Amino acid sequence: MALRPVHVIIKALDCSAVGRFWAEALGWTAYSPGVTTYVGPVGGLAWPDPVAVGIDVVPVPEPKTTTKNRVHLDLATTSAAHQAELVARLKALGATPAHVGQGNVPWTVLADPEGNEFCVLEPREIYRDTGPIATVVVDCADPRAMARFWGEAVDWTLHEVTDDHARLRSAKGVGPYLEFLRTPGVKTVPDRVHLDLLPYPGDDKAAEVARLRALGATDLDLGQGDVPWTCLADPEGHEFCVLALS
């Protein structure tokens, strides 16, 4: 048994506008199958996508606080010129410079139109084949502990783990990485950005949820009510959801 990350949830006051921003940013397409706006690769809605981890923008009534998100996206570039062009294009789409204590670094930190931070990376060989999203980054206190939990929770392969950093990727060697970065501070507000996981056909969702609890996940009440997905938190309190197979 295992689970697969299928999309990143971004909460937004205006999910259509934020969805359009991310579709333009990534060169993908925004779909509105219901109350959310799903952003995935061009070519028609395919969910779950066999390669990419999509973005699902979910409407909420509360704006983002000034607290930095503990989960964010890093975008890949192929050259210095591409990085500069992408940053300029994103600003034209409504992104704004963000200051999270990064200092003098080769990547550019921006925020989407509702303040969700993300990074445009300088060219890095490791991300040459990820697609537009290089990695989903999770701030944490203990990357080794996060690697143990998430390495068991999902069917992705652990590529690197140190005291400061852990990196996983699909065992198929496609799509973005999932990275855990040792970061000062602790989680103080609900995550504005989180992962959704999906069982494979034939697997039992309830059994998967029980397995995650045994690994250290805890139940989470976000006021979701009676819904077909299960809200959990990892051992450091990052929210995530286990979806039901449709």
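Each remark here, short or long, concerns the structure printed above.
A few words now on the overall build of the chain. Counting secondary structure elements, the chain contains four helices and 16 strands. Taking 2.2 N^0.38 as the reference for a compact globule, 246 residues should give roughly 18 Å; the C-alpha atoms of the chain span a radius of gyration of 17 Å, in line with that estimate. Summarising its shape, the C-alpha atoms of the chain cover approximately 50 × 40 × 35 Å along the three principal directions. Here the contacts in the chain between residues at least 6 apart in sequence split such that 63% fall between residues at least 24 apart. Of the roughly 11100 Å² that the chain leaves accessible, carbon and sulfur atoms contribute 57%.

On to helix 3 (residues 143-153). Turn by turn, an α-helix covers 3.6 residues, leaving residues three or four places apart pointing in a common direction. The set of residues buried in helix 3 consists of P143, M146, A147, F149, W150 and A153. In this structure D142 caps helix 3, since a side-chain oxygen of it lies 3.2 Å from the backbone nitrogen of R144.

Let's shift gears to the side chain of R169. Structurally, R169 is set in strand 11 (residues 165-170). Overall, the relative accessible area of 4% leaves R169 in the buried class. Reaching out from R169, the side chain makes a polar contact with the side chain of D129 at a distance of 3.2 Å. In terms of polar contacts, R169 uses its side chain to reach the backbone carbonyl oxygen of G175, at 2.9 Å. Apart from the residues within four sequence positions on either side, R169 is in contact with D129, T130, W156, T157, H159, V174, G175, P176 and Y177.

Core analysis: the biggest nonpolar cluster contains 51 residues, and W22, L90 and W150 have the highest contact counts within it. Per element, the largest residue contribution to this core is seven residues, and it comes from helix 1 (residues 15-26). With residues near it in sequence (within four places) discarded, W22 still touches I10, V39, I55, L73, L75, D112 and F118. Counting residues in hydrophobic clusters, the runner-up holds nine residues, among them A98, V109, Y127 and A134.

Scanning all chains against the criterion turns up 14 salt bridges. Its salt-bridge partner being E117, residue K64 comes within 3.2 Å of it at the nearest N-O pair. Of this pair, K64 sits in the loop between strand 4 (54-59) and strand 5 (71-75) while E117 is found in strand 8 (residues 117-120), placing the two residues 53 residues apart along the sequence. Accessibility classification places K64 together with E117 in one group, the buried group. Salt bridges sharing partners connect three or more residues here, namely E160, R167 and E179.

For the rest of this paragraph, the subject is the pairing of strand 1 (residues 3-12). Of all the ten residues making up strand 1, ten are buried; the element is thus mostly covered by neighbouring parts of the structure. Pairing geometry for strand 1 and strand 13 (residues 193-199), over seven bridges, is antiparallel. Counterpart to I10 in the pairing with strand 13 is V193.

On to the side chain of R4, then. By secondary structure assignment, the location of R4 is in strand 1. The charged side chain of R4 is buried without a salt bridge, its nearest counter-charge being D155 at 6.6 Å. Excluding its chain neighbours within four sequence positions, the residues that come into contact with R4 are P48, D155, D196, L197, L198, P199, Y200, P201 and L245.

Our focus in this paragraph is the sheet that holds strand 7 (residues 108-111). With mixed pairing, the eight strands of this open sheet are ordered in space as 6-7-8-5-9-12-11-10. Only two strands of the sheet have a single partner each, and these edge strands are strand 6 (96-97) and strand 10 (156-161). The pairing of strand 5 with strand 9 (residues 133-140) spans five bridges and is antiparallel. Note on strand 9: the bridge partner recorded for L75 is I133.

A separate point is unusual backbone geometry. Phi is mostly negative for residues that are not glycine, and the peptide bonds are mostly trans. Residues W47 and P48 are joined by a peptide bond in cis, for which omega reads -5°. Among the structural elements, P48 can be located in the loop between strand 3 (37-40) and strand 4.

Across all of its chains, the model carries eight aromatic pairs by this definition. Centre to centre, the rings of Y127 and Y177 are 5.8 Å apart; their planes meet at 70°, and the pair counts as edge-to-face. One end of the pair, Y127, is in the loop between strand 8 and strand 9; the other, Y177, is in strand 12 (residues 177-182), and 50 residues separate them in sequence. Exposure class is identical for Y127 and Y177. Each is buried.

About the cut-offs
- Residues numbered from 1 in each chain as written.
- Predicted model: local features only at pLDDT ≥ 70, side-chain atom pairs only at ≥ 80, totals over all residues.
- Heavy atoms only, no water.
- Helix = DSSP H or I, 4+ residues; strand = E, 2+ residues; numbered from the N terminus.
- Rg over C-alpha atoms; globule rule 2.2 N^0.38 Å.
- Contact = heavy atoms within 4.5 Å.
- Areas by Shrake-Rupley, 256 points an atom, 1.4 Å probe, with all protein chains shown as cover.
- Buried < 20%, exposed > 50% of the residue type's maximum accessible area, 1.4 Å probe, protein only.
- Polar contact = N/O pair within 3.5 Å; in protein donor to acceptor, adjacent residues only side chain to side chain.
- Core = buried A, V, L, I, M, F, W, Y, C linked by side-chain atoms within 4.5 Å.
- Salt bridge = Lys/Arg side-chain N within 4 Å of Asp/Glu carboxyl O.
- Pairing = 2+ DSSP bridges.
- Lys, Arg positive; Asp, Glu negative; His and termini not counted.
- Phe/Tyr/Trp six-rings, centres within 6.5 Å; stacked < 30°, edge-to-face > 60°.

Nothing here speaks to function; it is geometry throughout.
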